[in-house]
Structures are given as C-alpha cells and as structure tokens.
Amino acid sequence: ELRNNTIIIVFGASGDLAKKKTFPALFGLYRDGFLPEDVKIVGYARTKMDEAEFYKRATQYIKNPDDDPAISNKIDEFKKISTYVSGGYEDDPSFEVLENRLKGIESTYNSNERNRVFYLALPPSVFIPVAQRVKKYNYATDGVNRIIVEKPFGKDLESSRELLGALKQHWTEDETFRIDHYLGKEMVKNILILRFANIALSSAWDKNSISNVQITFKEPFGTEGRGGYFDEFGIIRDILQNHLLQVLSILTMERPVSFAAEDVRDEKVKVLRSIRPIVPHDTLLGQYVAANGKPGYLDDDTVPPHSTCPTYAATTLWIDNPRWDGVPFILKAGKALNEAKVEVRIQFRDVAKGIFQDISRNELVLRIQPSEAVYLKLNLKTPGLYTRALPTEMDLTYKRRFSDNKIPEAYEALILDALKGDHSNFVRHDELDVAWKIFTPILHWIDGKNGPRPKPLPYPYGSRGPKEIEAFIKKCDYTRSLEG
Ligand code: BG6
C-alpha cells in the first residue's frame with residue numbers, strides 16, 4: 001500500500017543515475033498521479049548549489065519534446081514538492097542538517113506517521129558510510145523506513161558478502177530494496193504470465209522441446225567517459241551477472257506457489273542454485289577496437305593502457321535439473337556493437353525428418369527493447385496451389401497491438417513497488433549470493449587471479465562482436481538463419 005506522509009530522499013542527487021533515471025521516474029509517477037498525495041522529495045549530494053540550479057539538473061532529462069504546457073505545469077509543481085540539501089557522505093553533522101530539514105517538512109503533517117524512503121544513487125565507496133549514518137540520524141521512529149540501493153554489490157562472492165553483511169548491520173532485509181532495473185522492464189515482467197498462463201507454452205517449456213536459449217544485450221555505444229568505472233568491473237559484472245541472469249532465472253524457474261514476492265524469489269533462487277559455475281571453455285571475451293571513425297576501448301583516456309577488460313562476453317550456462325539438463329543457455333552482451341537490442345530467443349527442436357527435409361525450427365522471441373514484442377516463428381503452408389512449408393511469424397509487436405497502453409519506464413515501476421513495500425521485483429540477498437557463486441570463478445580467471453589474464457578478442461566498433469562468436473553459438477546448436 002502507498003503511505004501518506006512520505007519523504008523520498010535521493011542521495012547522489014547531482015549524479016548521472018539520479019539525473020537520468022531517478023528524477024525522471026519520480027516525475028513520471030508524480031505526473032500520472034502514482035505518488036502518495038502529500039509526497040516530498042529531497043535531493044542530497046556534495047555539490048554546493050542553490051535550489052534553482054538543483055531544479056535545473058533534476059529536471060534536465062525529463063522529456064517534454066512538444067513543450068506541452070500541461071507537462072510544463074506539472075514540472076513546475078514537481079519542483080515545488082522537491083528541495084535540496086548539500087552535505088558530505090562521511091561527516092556526521094551533514095546528516096544532522098538533513099534531519100532538521102526532514103523534521104521541518106514533517107512538522108506540517110497532520111498525523112504522527114512519518115515515512116521515509118532513502119534512495120542511494122551513490123558510488124560503492126560511500127554506500128556503507130551513508131547507509132550507516134542515515135540509520136543513525138535519519139531513521140523515522142513513527143513510520144516505515146526503506147532503503148533502495150543499486151549495483152555494483154561488490155566484485156565477487158567475497159566482497160559482495162562483506163558489503164551485504166555491513167548493510168545488514170543497519171537495515172533489515174524487509175527494509176532493503178536492491179534494484180536490478182531489468183526486473184522493472186515490461187517484457188521481463190511479462191515472462192511470468194507468458195509462461196504460466198499459457199498451457200500451450202508451459203507444456204513445451206523444457207529440454208524435450210527446447211534446443212537452446214539465447215539472451216542477448218547489445219549497445220551501439222562504447223564506454224565513452226565512463227571508462228574509469230567500467231574498467232574496474234567489465235561487461236560480465238555490468239550486464240551478465242545481474243541483468244541477463246535475472247532474465248534467465250525467470251525464464252527457467254519452476255512455477256511459484258503464488259505471485260507473492262517470497263514465493264517467486266524462492267523459485268528463482270532454486271533454479272540459480274542448479275546452475276553450474278562457469279568455466280573458461282564456455283566463455284568468449286572481446287574488446288572493441290577503433291573502426292568507422294570511432295575510438296577503440298583503449299583509446300579512451302579514462303581506461304588504463306593495455307587493459308584486458310572485456311567489453312563483450314558470451315558464456316554458456318548449464319542448469320543441472322530434470323527440466324533443463326543439457327540445454328545450453330547462452331548469455332551474451334557487448335558495448336560498441338552494430339545496434340541497440342535486448343532480446344531472448346528460444347529455439348525449439350527440429351521436427352522429425354521424413355516428410356519435411358528442410359524446414360525451419362519454431363522460435364519464440366521476446367524483444368525486451370527497443371520496441372517490445374513477442375513473436376513466434378511458425379511454418380505454414382504457402383497459400384496457393386502447392387504444398388510447401390512457409391516460415392512465417394505470429395507477431396505481437398506492442399506498439400501495434402497495444403497502441404493505447406503506455407509502457408512505463410523500468411525505474412517508474414520499481415520505485416512504485418518500493419513505495420508500496422513490494423519486494424517481488426527486487427533482488428533478495430540469497431539471490432545475489434548465488435549469482436556471484438556462478439560468476440566468481442570466471443571473474444577471477446579474467447582478473448588473472450590464478451594465471452595470466454586472458455586476452456579478449458578484438459572486434460571493430462559498430463560490428464556484431466568478435467567473429468569467433470559464430471562458431472561459439474553454433475556449438476550450442478543455435479541456428480542464425482531464423483534471424484531477420
Ligand atoms: C546498466 C549498466 O546497469 O545498464 C550500463 O551499468 C548499461 O552499462 C545499462 O548501459 C543498460 O540499461 P538499459 O535500460 O539502457 O538497457
């Protein structure tokens with residue numbers, strides 16, 4: 001339930017994440033009437049600036065392309081419910097200043113209930129210092145307190161456990177909302193319904209019918225300007241270990257007892273625990289090089305020279321349970337590729353040969369972005385006086401099929417869930433732990449912890465990735481011919 005008397009405090013308010021995602025999402029919810037009626041928003045960051053400057057930054061990425069006066073009015077109203085406090089992340093007096101401001105806002109409430117949602121859009125280095133001080137100075141005693149945190153949650157199993165352990169000293173699991181923003185995406189949220197509300201699909205959802213599954217993330221831009229952060233983490237920690245693994249767990253989990261958060265997350269954890277830790281043999285790494293007038297990864301000034309950090313990775317996961325035994329799940333992600341696309345491709349097995357010699361497989365595609373779509377490749381008889389199979393598709397492109405429905409931004413969906421206290425689409429501590437267990441061996445190998453660092457394969461900026469990927473996916477029985 002949404003609670004009145006709520007303040008949302010955004011730490012890191014002048015940072016990129018807050019400007020590009022958090023504030024636009026808060027505004028979207030406000031504009032559409034989804035925030036609690038009397039909600040107030042407080043931005044907090046180190047930058048010293050006046051309110052005017054804060055408003056400018058906080059609304060910088062809010063879209064109003066046609067200068068719609070109704071939206072402009074809403075933006076003005078949104079500014080009125082927002083305010084800014086500047087202060088350090090590691091000095092106690094700043095949090096007392098913040099507390100005074102919060103109390104000032106709350107003094108206008110007409111009941112004793114005070115609820116506070118703390119959103120940490122912060123770099124990992126100040127994550128614990130802030131979480132600890134907020135608990136000490138800003139914890140509301142007469143209401144509900146929640147803390148929203150963002151990755152990176154550590155760099156491997158050990159550091160993640162340390163971080164979570166430190167956070168746990170101050171905040172309970174129930175109060176903690178760990179964001180993986182892919183869980184807020186419409187098509188990802190659709191997977192549960194698609195799988196479990198359609199018997200035509202659920203009865204074919206196993207190794208007997210499915211040959212292989214591929215989950216792909218492609219971005220057409222490099223790490224420009226963000227190289228410092230990226231080089232420390234690499235594409236596996238940035239995308240595979242969280243976003244793509246989350247999608248995989250929802251695709252492969254057993255049917256939960258209910259849609260309740262703990263029931264869903266129990267099943268996700270169970271399937272994740274059945275995944276084998278990744279080995280080098282099942283992994284391909286790439287790094288982009290200059291091409292088409294665009295710089296290579298190593299040309300970025302913020303990247304250390306000779307870095308072997310992968311900007312592209314493909315890896316095959318194996319689930320050791322009766323449903324999925326032997327089915328390869330290929331996760332692949334890359335920066336500086338030929339297009340922007342995130343999709344799941346489920347390839348079904350070939351039909352028995354005999355009457356059909358050369359026939360396409362069925363394939364179910366879930367396009368997560370851009371332009372959400374579900375489509376199923378089917379064979380029909382070519383219309384006319386022949387008996388010939390025609391590969392075609394049943395196409396549910398959302399823009400055409402649901403033109404009246406607005407698709408929410410992932411962050412809108414997640415912030416609203418956190419305000420309601422619904423954990424379904426947030427990452428539970430044990431989920432994170434097992435995700436790190438799967439990836440830690442391969443990450444240590446890449447980091448050169450037990451030998452020389454593997455050298456990533458070069459691929460040109462704007463290409464489809466290292467050319468070796470073709471043989472890699474073929475080994476997993478993936479048929480490229482269905483694409484297009
Ligand atoms: C973030 C990564 O988690 O996800 C970024 O750190 C990446 O590197 C981004 O660009 C992609 O998110 P989306 O929603 O644009 O697919």
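Predicted, not measured: the structure shown is a model, and the values here were computed from it.

Q: Explain helix α3 (residues 69-80) to me, and be specific about the residues and the numbers.
A: For α3, which comprises 12 residues, the first-to-last C-alpha distance of 17 Å matches the rise-based estimate of 16 Å (1.5 Å per residue) to within 8%. Among the residues of α3, Ile-71, Ile-75 and Phe-78 are the ones counted as buried. Take α3 and look down its axis: the buried residues cluster within an arc of 60 degrees, on one side only. Across α3 from its buried face, at more than 90 degrees, point the exposed residues Pro-69 and Lys-80. Two to three positions downstream of the cap, the backbone nitrogen of Ala-70 sits 2.8 Å from a side-chain oxygen, assigning the N-cap of α3 to Asp-68.

Q: Lay out the sheet that holds strand β9 (residues 312-317) with the relevant residues and their values.
A: Strands sit in the order β14-β13-β12-β11-β7-β10-β9-β8-β15 across an open sheet of 9 strands; the sheet is mixed. The sheet is open, and its two borders are formed by β14 (389-397) and β15 (457-460), each paired with just one other strand. Here the average twist between neighbouring strands, direction ignored, is 20 degrees. Note that strand β13 (residues 373-381) and β14 share 9 bridges and pair antiparallel. Of the residues in β14, the one forming a bridge with Asn-379 is Pro-391. Strand contacts of helix α7 (residues 186-196): β12 (363-369) and β13, with the helix running at about 145 degrees to β12, the strand carrying the most contacts.

Q: With reference to specific residues and values, describe the packing of helix α1 (residues 16-31) against helix α12 (residues 410-420).
A: Between α1 and α12, the least distance of the axes is 8 Å, while the angle of their chain directions is 70 degrees. With respect to α12, the element α1 is oriented roughly perpendicular. Crossing of α1 against α12: the hand is right-handed. Along its contact with α1, which presents Leu-17, Lys-21, Thr-22, Pro-24, Ala-25, Leu-26, Gly-28, Leu-29 and Arg-31, the element α12 presents Tyr-411, Glu-412, Ile-415 and Leu-416. Of the residues in the contact of α1 with α12, the class split is 8 nonpolar, 2 polar and 3 charged.

Q: Quick one: what's the story with the site of the ligand, residue by residue and with numbers?
A: The environment of the ligand is made up of Lys-151, His-181, Tyr-182, Lys-185, Phe-217, Glu-219, Arg-226, Asp-238, His-243, Lys-335 and Gln-369. Lys-185 places a side-chain nitrogen or oxygen 2.6 Å from an oxygen atom of the ligand. Between His-243 and the ligand, the recorded distance is 2.7 Å, taken from a side-chain N or O atom to an oxygen atom. Notes on the ligand: free accessible area 400 Å², of which the protein chains cover 80%.

Q: Lay out the environment of Glu-363 with the relevant residues and their values.
A: Positionally, Glu-363 belongs in strand β12. Between the C-alpha atoms of Glu-363 and Gln-347, which are 16 residues apart in sequence, the distance is 4.5 Å. In this structure, Glu-363 is in contact with Arg-345, Ile-346, Gln-347, Phe-348, Tyr-375, Leu-376, Lys-377, Tyr-478 and Leu-482, ignoring residues within four places of it in sequence. Among the polar contacts made by the side chain of Glu-363, one reaches the side chain of Arg-345 at a distance of 3.2 Å.

Q: Before we move on, could you go through a nonpolar patch on the surface and cite the residues and values that matter?
A: Together, Val-351, Ile-355 and Phe-356 give the surface a local cluster of nonpolar side chains, amounting to about 310 Å² of exposed area. Secondary-structure assignment places Phe-356 in the loop between β11 (341-348) and β12. A residue is classified by how much of its surface remains accessible, and Phe-356, at 36% relative accessible area, is partly exposed.

Q: Which residues make up the packing of helix α9 (residues 227-252) against helix α10 (residues 261-273), and what are the values?
A: Helices that pack against each other are described as a pair by the angle of their axes relative to one another and the distance between those axes. Look at α9 against α10: their axes get within 9 Å of each other, and the N-to-C directions meet at 105 degrees. As the angle between them shows, α9 and α10 are arranged roughly perpendicular. On α10, the residues that touch Leu-245, Gln-246, Ser-249, Ile-250 and Thr-252 of α9 are Lys-268, Val-271 and Leu-272. Looking at the contact of α9 with α10 residue by residue, the class counts come to 4 nonpolar, 3 polar and 1 charged.

Q: Hey, could you go over the UniProt feature "domain: Glucose-6-phosphate dehydrogenase NAD-binding" (unreviewed entry) in the protein for me, with residue numbers and the actual values?
A: With numbering matched to this structure, UniProt assigns "domain: Glucose-6-phosphate dehydrogenase NAD-binding" (unreviewed entry) to residues 9-190. Secondary structure content for residues 9-190 is 46% helix and 16% strand, and the end C-alpha separation is 30 Å.

Q: Could you give me a rundown of empty space enclosed by the protein, with the residues and numbers involved?
A: Here the structure, examined in full by the defined rule, presents 4 cavities of 30 Å³ or more. Reported here for the largest cavity is a volume of approximately 200 Å³. Looking at the largest cavity, it is lined by 21 residues, and the ones nearest its centre are Phe-153, Asp-180, Gln-241, Asn-242 and Leu-432. Elements with a contribution of two residues or more to the lining of the largest cavity: α9 and α13 (429-446). If you tally residues by element for the lining of the largest cavity, the top one is α9, at 9 residues. When grouped by side-chain class, the residues that make up the lining of the largest cavity number 11 nonpolar, 5 polar and 5 charged. Volume-wise, the second largest cavity comes out at about 60 Å³. Every residue lining the second largest cavity is listed: Arg-3, Thr-6, Pro-36, Asn-115, Val-117, Val-144, Arg-146 and Leu-419.

Rules behind the numbers
Residues numbered from 1 in each chain as written. Predicted model: local features only at pLDDT ≥ 70, side-chain atom pairs only at ≥ 80, totals over all residues. Heavy atoms only, no water. Helix = DSSP H or I, 4+ residues; strand = E, 2+ residues; numbered from the N terminus. Expected span 1.5 Å × (residues − 1). Buried < 20%, exposed > 50% of the residue type's maximum accessible area, 1.4 Å probe, protein only. Arc of directions from axis to C-beta. Polar contact = N/O pair within 3.5 Å; in protein donor to acceptor, adjacent residues only side chain to side chain. Pairing = 2+ DSSP bridges. Axes fitted to C-alpha atoms, helices over the stretch in contact; angles between N-to-C directions. Contact = heavy atoms within 4.5 Å. Parallel < 35°, antiparallel > 145°, perpendicular 65-115°, else oblique. Left-handed = near helix turned anticlockwise from the far one by under 90°. Nonpolar A, V, L, I, M, F, W, Y, C, P; charged D, E, K, R; others polar. Near = heavy atom within 4 Å. Areas by Shrake-Rupley, 256 points an atom, 1.4 Å probe, with all protein chains shown as cover. Patch = residues over 30% accessible without salt bridge, like charges linked within 9 Å, V, L, I, M, F, W, Y side chains within 5 Å. Salt bridge = Lys/Arg side-chain N within 4 Å of Asp/Glu carboxyl O. UniProt positions renumbered as here; feature names shortened; annotations may be inferred. 1 Å grid on protein atoms, 1.4 Å probe; cavity = no way out; pocket = protein on both sides within 12 Å on 5 of 7 lines; lining within 4 Å. Points joined across faces, edges and corners; volume = space filled by probe spheres on them.

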